[in-house]
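Overview (structure and organization)
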Amino acid sequence: MNFLFKFFVIFAASVGLQSYANDNFLLEAEHFTDYGGWVHDSQFMDQMGSPFLLAHGLGVPVKDAETSIELPADEYRIWVRTRDWCAPWKEQYKPGDLAPGRFQILINGKPLQTAFGTEGEAWHWQNGGTITKNDFQENRLKVALHDLTGFDGRIDAIYFQKTIGSESDKESSPPNDLTALKEFRKCLLALPDKPEVKGTFDIVVVGGGIAGTCAAISAARSGLKVALIQDRPVLGGNNSSEVRVWLHGARNLDPLPNIGNVVEELEQEKRAHEGAANTADIYEDERKLELVKAEKNISLFLEYRVNEVVLNDNPQNKQRSIKSIIAQQTKTGRSYGFDSPLFVDATGDGCVGFLAGADYEMTVEEGHMGRCNLWNIIDTKEETTFPRCPWAVDLTDKPFQGRGKNNPQLLGTWEWESGFYLDPIEKSEYIRDLNFRACYGAWDALKNVDKAFPTYKLNWLAHIAGKRESRRLLGDVVLDKKTVLANETFEDACVPTGWTFDLHLPNKGYNQGQKRGDEFLSIADHTRYKTPYWLPYRIMYSRSVDNLFMAGRDVSVSHEALGTVRVMRTGGCMGESVGLAASLCKKYNTTPRGVYKEHLAEFKELVKAGVPHSPDFAPRKINKRVDNPNGWAGFSPPVKLPLLQSTPQNAANKAAITVSSNQKDAVFLNDGTIDWNDNAGRWISSAADKPEIVFKWKEPLEIGNIRIVSGYNEGGKIIAPLEDFTLFINGQESAVSVFTNNIQTDFRNEFPKVKTNELRLRIDKTKDGRVRIWEVEIY
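So, here's what we can say about the structure. Quantities reported herein were computed from a predicted structural model and do not represent experimental measurements. As a convention, each chain's residues are numbered from 1 in the sequence order in which they are written. pLDDT decides what is reported in this predicted model: residues at 70 or higher carry local features, side-chain atom pairs at 80 or more are listed and counted, and totals for whole chains, interfaces and linings draw on all residues regardless. For the side-chain quantities, the full set of heavy atoms in the structure was used; hydrogens and water were omitted.

1. A word on the overall build of the protein
Looking only at helices and strands, the protein has 13 helices and 43 strands in total. In terms of overall size, the protein behaves like a compact globule, its C-alpha atoms giving a radius of gyration of 29 Å where 779 residues would be expected to give roughly 28 Å. Dimensions along the principal axes, computed over C-alpha positions, put the protein at roughly 100 × 70 × 45 Å. Any two residues having at least one pair of non-hydrogen atoms within 4.5 Å are treated as being in contact. Pairs at least 24 residues apart make up 79% of the contacts formed inside the protein by residues separated by at least 6 positions. Working definition of accessibility: Shrake-Rupley area with a 1.4 Å probe, residue cover restricted to the visible protein chains. Accessible surface for the protein amounts to roughly 31000 Å². Of this, 50% is attributable to carbon and sulfur atoms. Side chains of the protein give 93 positive and 104 negative charges; the mean places of these two sets differ by 2 Å. Counting from the N terminus, the helices are the DSSP runs of H or I reaching at least four residues and the strands are the DSSP runs of E reaching at least two. C-alpha atoms define the radius of gyration, and 2.2 Å times the number of residues to the power 0.38 defines the globule rule. Neither His nor the chain termini are counted; the positive set is Lys and Arg, and the negative set is Asp and Glu. Taken as the charge centre is NZ of Lys, CZ of Arg, CG of Asp or CD of Glu, depending on the residue.

2. Some words on the pattern of salt bridges
In the sections that follow, a salt bridge refers to a side-chain nitrogen of Lys or Arg positioned within 4 Å of a carboxyl oxygen of Asp or Glu. Counted under the stated rule, the structure contains 47 salt bridges. Across the pair Arg707 and Asp746 runs a salt bridge whose closest N-O atoms are separated by 2.7 Å. Residue Arg707 is located in strand β37 (residues 692-710), and its partner Asp746 is located in strand β42 (residues 746-765); the two are separated by 39 residues in the primary sequence.

3. Overview of helix α11 (residues 568-588)
Spanning 21 residues, α11 covers 30 Å between terminal C-alpha atoms, matching the ideal 30 Å at 1.5 Å per step. Exposure categories follow from relative accessible area, calculated using a 1.4 Å probe and restricted to protein chains: below 20% of the type maximum is buried, above 50% is exposed, and the middle band is partly exposed. The element α11 is extensively covered by neighbouring structure, given that 18 of its 21 residues are classed as buried. Following α11 by one or two positions, Asn589 has its phi on the positive side, about 50 degrees. For a helix, the expected span equals 1.5 Å multiplied by the residue count minus one.

4. Focus: the nonpolar core
Counting 92 residues, the largest nonpolar core has Ile325, Phe338 and Phe549 as its most contacted members. The biggest single contributor to this core is α11, with nine residues. Here the nonpolar core consists of buried residues drawn from Ala, Val, Leu, Ile, Met, Phe, Trp, Tyr and Cys, with membership extended through side-chain atoms lying within 4.5 Å. Counting 42 residues, the second largest nonpolar core, distinct from the first, contains Phe44, Tyr93, Ala392 and Tyr430.

5. With respect to the side chain of Thr766
Here Thr766 lies in the loop between β42 and β43 (772-778). Overall, Thr766 belongs to the buried group, its relative accessible area being 10%. A polar contact of 2.9 Å, which involves the side chain of Thr766, links it to the backbone oxygen of Arg770. In contact with Thr766, not counting residues within four places along its chain, are Leu722, Glu723 and Val771. Two N or O atoms count as a polar contact when they lie within 3.5 Å, although within protein this holds only if one can serve as hydrogen donor and the other as acceptor, and sequence-adjacent residues are included solely when both atoms are side-chain atoms.

6. Digging into the packing of aromatic side chains
Here a Phe, Tyr or Trp ring, Trp counted by its six-membered ring, pairs with any other such ring whose centre lies within 6.5 Å, and the pair is stacked when the planes are under 30 degrees apart, edge-to-face when over 60, and tilted otherwise. Tallied over the entire structure, the rule returns 35 aromatic pairs. Geometrically, the ring pair formed by Tyr76 and Phe136 is tilted, given 5.9 Å between the ring centres and 45 degrees between the ring planes. Here the residue Tyr76 occupies a position in strand β5 (residues 76-82), and Phe136 occupies one in the loop between β8 (124-131) and β9 (140-147), the gap between them amounting to 60 residues. Across the pair, Phe136 and Tyr76 agree in class, each one buried. Ring plane angle 75 degrees and centroid distance 5.2 Å describe the contact between Phe453 and Tyr456, whose orientation is recorded as edge-to-face. Per residue, the accessibility class of Phe453 equals that of Tyr456, and both read buried. Connected via pairs of aromatic rings, a cluster forms that spans Trp85, Phe151, Phe386, Trp391, Phe436 and Tyr440.

7. As for the pairing of β9
We call two strands paired when DSSP finds no fewer than two bridges between them. Bridge analysis of strand β4 (residues 65-70) against β9 gives six bridges, and the strand direction is antiparallel. The residue of β9 that forms the bridge with Thr67 is Val143. As paired elements, strand β6 (residues 103-107) and β9 share five bridges and run antiparallel to each other. Bridging across to β9, Ile107 finds its partner in Val143.

8. Structural notes on the sheet that holds β6
Sheet architecture is open: four strands sit in the order β4-β9-β6-β7, paired in antiparallel fashion. In the strand order of this sheet, the two ends are held by β4 and β7 (110-111), each with one partner.

9. Re the environment of Glu429
Of note, Glu429 is situated in helix α8 (residues 428-449). Taking the C-alpha atoms as reference, Glu429 lies 19 Å from Glu303; in sequence the two are 126 residues apart. Ignoring sequence-local partners within four residues, the contact set of Glu429 consists of Phe44, Met48, Phe52, Arg83, Trp123 and Arg154. Within polar-contact distance, the side chain of Glu429 engages the side chain of Trp123 at 3.1 Å.

10. A short note on the sheet that holds strand β17 (residues 335-339)
Judged by pairing direction, the sheet is mixed, and its four strands sit side by side in the order β11-β17-β16-β15 without closing on themselves. The two strands at the open ends of the sheet, each matched to only one other strand, are β11 (196-200) and β15 (304-311). On average, each strand axis in the sheet is inclined to that of its neighbour by 25 degrees, with strand direction left out of account. Here seven bridges tie β15 to strand β16 (residues 322-329), and the two strands are oriented antiparallel to one another. The residue of β16 that forms the bridge with Leu311 is Ile322. To obtain an axis, a line is fitted to C-alpha atoms, over the contacting stretch when the element is a helix, and the angle between two such axes runs from 0 to 180 degrees between their N-to-C directions.

Take it as geometry only, folks, not as evidence of what the structure does.
Put into structure tokens, the structure is as follows:
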């Protein structure tokens with residue numbers, strides 16, 4: 001918006017604000033005293049102007065939200081700010097299809113005639129007709145939101161506009177332009193012109209995920225006065241009960257064995273990343289809150305959304321710096337200022353840096369990693385039904401992950417991901433809603449077309465999206481994939497990463513008939529490198545905003561390098577390093593860059609010593625210091641496998657191997673080594689695969705024995721081996737041998753001796769549909 005237009009909008013709005021305020025009333029959805037079954041959604045405030053309430057009932061209408069207001073008894077026109085959330089896909093509707101997010105407004109128990117959430121792709125004010133004096137009870141109205149579908153109806157606000165006795169008032173709807181709307185709210189809600197200052201802090205950390213939480217704790221234990229600002233009611237971000245992704249990455253490794261101390265305190269005791277076992281309690285939200293609240297130097301501000309930055313006036317310095325940030329309380333709408341000489345952007349989306357005008361990159365058209373809204377189903381032991389969803393992604397006759405497998409754990413996993421070619425900021429609500437449509441479409445197809453899972457119901461669908469990639473703020477070093485693969489070292493190395501280059505792309509095997517941008521199932525492309533790799537401090541501060549640190553997935557890396565640094569143990573270690581660097585900024589009155597240029601030796605001593613542990617929260621005895629996409633890895637050296645027999649040679653070592661998926665990891669199948677503690681050195685099939693392994697030799701040879709070491713290490717126990725599998729030779733379809741009901745992780749058996757130059761191993765059943773094999777030996 002150019003300056004003149006913006007000025008005109010504000011001026012025009014201010015002229016009309018008094019007429020809005022006179023005898024009119026604005027009821028924000030987040031101001032309802034009882035949300036009932038509706039949930040508070042603040043993810044898209046920057047794009048649509050406000051938090052809103054969401055009727056997230058998974059196809060079952062939710063309990064009414066209720067409140068009461070006092071208003072002079074008179075005639076009022078009702079305006080409701082809402083939208084038809086499926087309207088962007090309206091061309092896919094069939095005649096007669098109804099919008100999924102329909103709801104009613106009840107006034108003193110009586111519904112308005114209008115059904116809301118039925119029109120308009122964009123957020124707008126829908127006309128709900130009028131109420132009269134007869135609808136009042138002594139100047140009091142009981143207002144309720146009545147969900148009709150359970151399918152994500154949404155409401156921002158209700159505006160009671162006193163009528164002027166003519167038809168003309170129908171045209172004077174409230175403003176939709178975000179600048180004018182902000183002034184409209186301020187006037188109707190009597191919000192102050194200037195934000196209230198919450199205080200001056202040594203450092204302000206914005207973002208309460210694992211990276212931000214670790215940064216705040218690190219700085220606090222280093223003696224700094226810290227404000228930690230989080231826009232949700234819980235800490236942890238993706239590692240919270242709202243999103244439910246467990247910790248991955250590396251920590252506490254030599255030569256800096258104490259980087260990761262705070263992450264260690266945040267480790268959870270249990271894991272269950274797939275299926276109905278992935279429950280909210282596993283993520284220990286209360287423990288995270290207790291850990292932060294125990295720090296006397298931290299002031300915690302939950303449900304505050306930072307949406308404005310005030311810059312210092314630096315006439316002698318071309319480099320900009322931040323004076324304060326302004327955050328809006330997401331339930332009251334009031335704004336507050338936070339002053340500090342130092343700031344940390346741990347928002348994941350680079351929100352603070354963007355508002356401050358920092359240099360950044362964002363990969364959009366070329367394709368970037370998307371976001372997930374995980375979901376799962378649960379067995380009720382009774383027959384269940386689910387309504388048809390003609391507005392959802394139509395998967396009636398299309399394949400998707402888990403279809404035909406009769407395995408609940410293949411549904412709603414990390415592969416259910418979208419937004420690859422869309423702007424991850426501006427199209428954020430669209431991307432989340434696409435994930436909803438994919439989930440509902442898949443469950444509709446399974447229940448109503450395939451007649452599968454007859455006793456199951458849709459159990460949980462995250463309404464908060466788990467993000468992977470958006471803005472990357474640029475620092476003095478922009479780390480790229482080439483540098484990591486070459487194992488180049490940096491003098492300011494301070495954070496370990498043990499995750500592969502894990503880049504998610506649309507899965508071409510699915511997404512049939514979807515337009516570009518509407519893909520909803522992904523596949524992961526992994527590139528391995530020598531681990532751990534040590535990340536430099538210089539990717540963790542802005543090159544263009546003097547006093548801004550970064551921690552988490554918005555640090556200074558390329559799109560490809562983000563594939564390895566984005567996981568949360570690594571982000572937490574970044575936060576710890578940033579907190580330690582901030583203590584030097586305070587000590588020497590310097591900038592983040594100044595720490596590198598003038599105090600690097602002292603910084604390296606600090607990261608070597610690490611952040612001291614809390615006396616109140618001893619770290620758990622959980623050996624999860626390094627991770628990888630195939631599970632967590634321990635530290636035992638590779639073990640040479642003993643031969644099955646002492647004299648014959650292992651023929652698998654001489655075979656050329658082809659596999660049904662993930663060919664580059666097939667090398668693990670016959671490399672002769674295994675680390676039982678390390679889940680990394682295995683071949684893992686795709687979940688969508690019909691898994692097979694084919695061994696070929698140049699000359700025929702006689703074989704009759706096989707050994708298969710399979711499964712995965714969970715907390716020191718090897719579980720989930722191959723259960724059913726079949727052997728074939730020379731491309732024939734008649735089986736040489738069939739094995740069923742196996743429970744041995746180290747399976748050894750004979751089969752009828754054959755002379756062949758090809759052996760095909762087909763895996764028919766595993767615990768969760770995936771095949772995980774460390775090693776195969778053939779004699």
